[in-house]
Amino acid sequence: MSTSLKIRIIDDITVKTSFFCNLCGFPLLTHKDFKQHKEYECCNECYLTYAEARRKEWKDGWRPKQTVLEEYIYSRKSSKTARSNNEL
Ligand SMILES: [Zn+2]
């Protein structure tokens, strides 16, 4: 009983949940990331940056341009590095 239940839960997670943001490609880390990913197909950071202000357009399929996105990913990568350097 408990084994089959466990398998069902694991299947459910792998089918419905991706562990990476569809937009920026960063791994989903927090509960908020997973929550936004489920609803908006992106991590919390992307949601706050792009989706929150345009929830309707987002649901209709609007996404930032590839060039905008590349710059955004680049700045996220560098700010992440800067942050972890400060922490060390
Ligand atoms: Zn993202």
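Note that the structure is predicted; figures quoted are calculated from it, not measured.

**Notes on helix α2 (residues 31-40)**
Part 1: Among the residues of α2, those classed as buried are Asp33, Gln36, His37 and Tyr40. In an axial view of α2, the angular spread of the buried residues amounts to 105°, which keeps them on one side of the axis. Turned more than 90 degrees off the buried face of α2, the exposed positions are His31 and Lys38.
Part 2: Elements in contact with the buried residues of α2: α3 (44-51) and α4 (55-59).
Part 3: Note on α2: the residue one or two positions beyond its end, Glu41, has a positive phi of about 60°.

**Comments concerning unusual backbone geometry**
Part 1: Of note in this structure, Glu41 is not a glycine but carries a positive phi near 60°.
Part 2: Mapped onto the fold, Glu41 is located in the loop between α2 and α3.

**Here's the deal with the nonpolar core**
Part 1: Counting ten residues, the largest nonpolar core consists of Cys21, Leu23, Leu28, Tyr40, Cys42, Cys43, Cys46, Tyr47, Tyr50 and Ala51.
Part 2: Ranked by the residues each element gives to this core, the list is headed by α3, at four residues.

**Brief notes about α3**
Part 1: The complete set of buried residues in α3 reads Asn44, Cys46, Tyr47, Tyr50 and Ala51. Looking straight down α3, one finds that the buried residues subtend no more than 155° of arc, so they occupy a single side.
Part 2: Packed against the buried residues of α3 are α2 and α4.

Conventions and cut-offs
Residues numbered from 1 in each chain as written. Predicted model: local features only at pLDDT ≥ 70, side-chain atom pairs only at ≥ 80, totals over all residues. Buried ≥ 20, exposed ≤ 12 C-beta atoms within 10 Å, placed from the backbone. Helix = DSSP H or I, 4+ residues; strand = E, 2+ residues; numbered from the N terminus. Arc of directions from axis to C-beta. Contact = placed C-beta atoms within 7 Å. Core = buried A, V, L, I, M, F, W, Y, C linked by C-beta atoms within 7 Å.

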